[in-house]
Amino acid sequence: MDESLSTSPARAPLLHSLRHARRTDFNRMFAAVYFCAILVLLYRHALKLIHSATFASFLISLSFLISDTFLAFLWFTRQCFLMTIVYRDEYPENLQKTLLLKKSSSDFPALDVFICTADPYKEPPLRLVSTALSVMAYDYQTEKISVYVSDDGGSQVTLFACMEAAKFAYHWLPFCRKNNIIERSPEAYFAANHSSWSFDTEEIQKMYECMKQRVEKVLEKGKVGEEYITEELERKAFSKWADHGFTRQDHPTVIQVLLESCKNKDATSHLMPSLIYVSREKSRTSSHNFKAGALNVMLRVSATMTNAPIILNLDCDMYSNDPRTPLRALCYLLDPKLMSQLAYVQFPQIFHGINKNDTYSCEYKREFRCNPLGLDGVLGPTYVGTGCFFNRRAFFGGPSTIVPPEIPELGPNSVVNKFIQSQPVLELAHKVAGCNYEYKTKWGYEVGFKYGTLIEDFFTGFRLQCEGWRSIFCNPKRAAFLGDAPINLVDALNQLQRWSIGFLQVMFSSFCPLTFGTRYLGPLMGLAYTHYCLWPTWFIPLTLYAFLPQLCLLHGLSIFPKLSEPCFVLYLFLVLGAYGQDLLEFLIGEGTVQKWWNNQRMWMIRGLSAFLYGSLEFFLKFLGISTYGFGLTSKVIDDEQSKRYGQGMFEFGASSNMFVPLITAAIINLVSFLMGLVQVLRGSKMEGLFLQMFLAGFVVLNALPIYEAMVLRKDKGRIPFKTTATSTCLALALYGLVSLPHGNRN
């Protein structure tokens, strides 16, 4: 580090700046007023509970007290993201001035990139190829970049795709440099409509199409035929799959160095980045700890080969969209005021291919773009599993106390002075990738990515901050990374169900954010992490409000204040205040009203499906009744599904039990709303039932795609008849079960 940069910051160029959001004071005042209103509501529920005249009224009052207590706590913890909102800007041009003009280029640290994949049939290999090439083509010293592909499926198809990427990189990297291309994912570049095409562009596109066809043919066959093997080294690599004992769940370690930066050069004689394929050893008798286990293997293997101080973690479908992204991350990681405490720089997850109004609300705008702005004003954002630049040192204890690994070569300060393909390096790399290597070590608990939950990203970031590290949220105007989002409802809900289980695992662990987190991080960060961990409990208030008021409406039982009662104003303020604040934050986060509507609709859908089933599965496992595993979200796009998704149609096609509570609620709300409407048309006074009518109507409005998929649609995305019939029978059973005598009306 330049002495002037560390001792004379006034003379050093500015690397980044920070400014506080102007709405912070308003958020704090509103929170104070709204909290008082919540206390009044809970006090009212408590009084009604105490003075209940019948058992039915007692149960109703108790249900609303429990439900609104959950809503109150979730709202309260949500405010932690709105109290310290900050925005940051980076100045990578000043970084270059400081570290390139005043010093030699060697002052840029080496960068190890981890790209994770697990199944070539759910995560297309061509997406992996584009992601790998996009980071290999960074505006960075190519000889300092090492790309490690973690194939947790142990597929020869994935290895073949990586080999093809290495061959194509020979032409692609100089093409990007020569033409100063911004979109360095070939898939994204060739899909874009460019104003002018040169002869070079046509030639490189032909090469890409040829590579694409070869990979797709191998994927279709499921194995690499002799016609695709051109070198003896390739034949030797693929011979490992010839062993009949080689399966996805049971196979030896496979490490293949495809490019080595000190040896391989591109078409213009520039050194190329290193590219290494890694498939860790798997055994049916050993625990593999899901993605966290794979990442820890990558930490160890990369330590034996390159041991770069900076690590970039990416999912296989999250390609780089800006070649200057590493420089933006270095604006923080090389800042002398931050570097000793900074664990990681997190970029937001941003998705391409989402339809105009984001039907399934898969952008997760609050979680990936809005909430991190608030956390960044305290100790920093959560780690979201991709698009994150790590300080390798952070995986080995807190900022002031290092936890040494079991062998010195794996330590963050170890210097690799041997070639990647030298015998000692390869032997050690194979050793540390073994499935039993971690036995009786601190990996996954004190060292590396943390075990104990399906959401290793969230838990690892949380634990790092508890150890004393902080993080930074970097959100440039041009998206740093772009990835794929689910385009059908089943995949979207399955993904969220897995997250729900993981959050509850953290909540009920010894590292509970409400206790452990608050003690080590302070109340704001502790409660913010608690908010995430209690996500699945949204199913409690959402389920109650989806059924109880509507079933009471069917029996003419009033459970909310009348329009003429003062308490009606309280309900009105609470509803409009919550939705108004949420809409405002969504619009400030560059959302639209239509996207917000779809977002709140999906929130109700998630509550009655993924949150409900995720919580149920967790507690069944907790009681030793059921088991769960890690499920991948499919990235394969069906043409018909894609067309319906582009039209904004809901995709219900697959028969899933997760849809049953959702459709049951839609049926009950529709019937109760229509029955109430009939009473109004007959001249009945509905003043006491107005809020219940409004609530049922609101649900009906949100459930229009469900009714359409039940009755009107004939395509493959409609709701299966079996699911509709099951839900209808359940709705009738619920109505019969809660039938109350008219004498119990309030």
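Since the structure is predicted, the reported quantities are computational estimates derived from the model, not experimental observations. (Residues numbered from 1 in each chain as written. Predicted model: local features only at pLDDT ≥ 70, side-chain atom pairs only at ≥ 80, totals over all residues. Heavy atoms only, no water.)

Bringing the overall build of the chain into the picture now. Broken down by element type, the chain carries 26 helices and twelve strands. The C-alpha atoms of the chain give 28 Å as radius of gyration, which agrees with the globular expectation for 746 residues (27 Å, within 12%). Taking the principal axes of its C-alpha atoms as reference, the chain extends roughly 85 × 60 × 60 Å. Sequence separation of 24 or more characterises 82% of the internal contacts of the chain that already satisfy a separation of 6 or more. (Helix = DSSP H or I, 4+ residues; strand = E, 2+ residues; numbered from the N terminus. Rg over C-alpha atoms; globule rule 2.2 N^0.38 Å. Contact = heavy atoms within 4.5 Å.)

This brings us to the sheet that holds strand β4 (residues 145–151). With mixed pairing, eight strands are arranged side by side in an open sheet as β5-β6-β4-β3-β7-β10-β9-β11. A single partner strand is all that each edge strand has here, and the edge strands are β5 (254–259) and β11 (470–473). Adjacent strand axes in the sheet meet at a mean angle of 20° when their direction is disregarded. Across the face of the sheet, helix α14 (residues 456–466) comes into contact with β9 (342–346), β10 (388–391) and β11 while running at roughly 145° to β9. (Pairing = 2+ DSSP bridges. Axes fitted to C-alpha atoms, helices over the stretch in contact; angles between N-to-C directions.)

Right, let's get into the environment of E260. Tracing the backbone shows E260 in the loop between β5 and β6 (274–279). On the basis of relative accessibility, which here comes to 1%, the residue E260 falls in the buried class. With 81 residues separating them along the chain, E260 and Q341 place their C-alpha atoms 32 Å apart. For E260, the residues in contact, after removing those within four places along its chain, are S274, F419, I420 and Q421. Side-chain polar atoms of E260 contact the backbone nitrogen of I420, separated by 3.0 Å. (Buried < 20%, exposed > 50% of the residue type's maximum accessible area, 1.4 Å probe, protein only. Polar contact = N/O pair within 3.5 Å; in protein donor to acceptor, adjacent residues only side chain to side chain.)

Another aspect to go through is the UniProt feature "binding site: UDP-alpha-D-glucose" (unreviewed entry) in the chain. When the UniProt feature table is mapped to this numbering, "binding site: UDP-alpha-D-glucose" (unreviewed entry) covers K122, E123 and D152. A maximum C-alpha distance of 12.7 Å among these annotated residues, which run over 31 residues, shows that they cluster at one spot. Here K122 shows up in the loop between β3 (111–117) and α5 (125–136). If you trace the backbone, D152 turns up in the loop between β4 and α6 (156–179). According to the relative accessible area criterion, D152 is buried, its value standing at 13%. (UniProt positions renumbered as here; feature names shortened; annotations may be inferred.)

The UniProt feature table records "binding site: Mn(2+)" (unreviewed entry) at K291 and D315. Spanning 25 residues, the annotated positions come together in the fold, the maximum distance between their C-alpha atoms being 10.6 Å. On the secondary structure map, K291 appears in helix α10 (residues 290–305). The class of K291 is buried, set by a relative accessible area of 16%. Within the element layout of this structure, D315 appears in strand β7 (residues 310–315). Its relative accessible area of 21% is what places D315 among the partly exposed residues. Ignoring anything within four residues of it in the chain, the contact list for D315 reads I115, C116, T131, K291, G385 and T386. One polar contact links D315 to K291, side chain to side chain, over a distance of 2.7 Å.

Relative orientation of the contacting elements helix α15 (residues 489–507) and helix α21 (residues 610–622) amounts to 45°, with a least axis distance of 8 Å. When the interaxial angle is binned, α15 and α21 end up oblique. As α15 packs across α21, the resulting crossing turns out to be right-handed. Between α15 and α21, the residues in contact are L493, L496, Q497, S500, I501, L504 and Q505 and A610, F611, Y613, G614, S615, E617 and F618, respectively. For the contact of α15 with α21, the residue count by class is eight nonpolar, five polar and one charged. (Parallel < 35°, antiparallel > 145°, perpendicular 65-115°, else oblique. Left-handed = near helix turned anticlockwise from the far one by under 90°. Nonpolar A, V, L, I, M, F, W, Y, C, P; charged D, E, K, R; others polar.)

What characterises a pair of aromatic rings is the spacing of the ring centres plus the angle enclosed by the ring planes. Under the criterion given, the structure shown has 66 aromatic pairs. With a centroid separation of 6.5 Å and 25° between ring planes, the pair formed by Y364 and W535 is classed as stacked. Separated by 171 residues along the polypeptide, Y364 in the loop between β9 and α12 (365–375) and W535 in the loop between α17 (523–533) and α18 (539–554) bring together distant segments of the chain. Each member of the pair Y364 and W535 is classed as buried. When the centroid spacing of 6.2 Å and the interplanar angle of 55° are considered together, the rings of W535 and F611 count as tilted. Of this pair, W535 sits in the loop between α17 and α18 while F611 is found in helix α21, placing the two residues 76 residues apart along the sequence. A single burial state applies to W535 and to F611, both of which are buried. (Phe/Tyr/Trp six-rings, centres within 6.5 Å; stacked < 30°, edge-to-face > 60°.)

Here we take up the nonpolar core. W172, V301, M305, F389 and W535 are the most contacted members of the largest nonpolar core, which totals 187 residues. Looking at which domains feed residues into this core, each of domain 1 (122–307) and domain 2 (532–739) supplies at least three. The residues touching W535, leaving out its near neighbours within four places in the chain, are Y364, E367, L496, W499, F503, W603 and F611. (Core = buried A, V, L, I, M, F, W, Y, C linked by side-chain atoms within 4.5 Å. Domains from an automatic or database assignment.)

The next point concerns the environment of F390. As for its position among the elements, F390 is in strand β10. A sequence separation of 47 residues divides F390 from A343, and the C-alpha atoms of the two residues are 5.9 Å apart. Not counting residues within four places of it along the chain, the set of residues in contact with F390 comprises P309, I310, I311, N313, A343, Y344, Y383, F395, F449 and L464.

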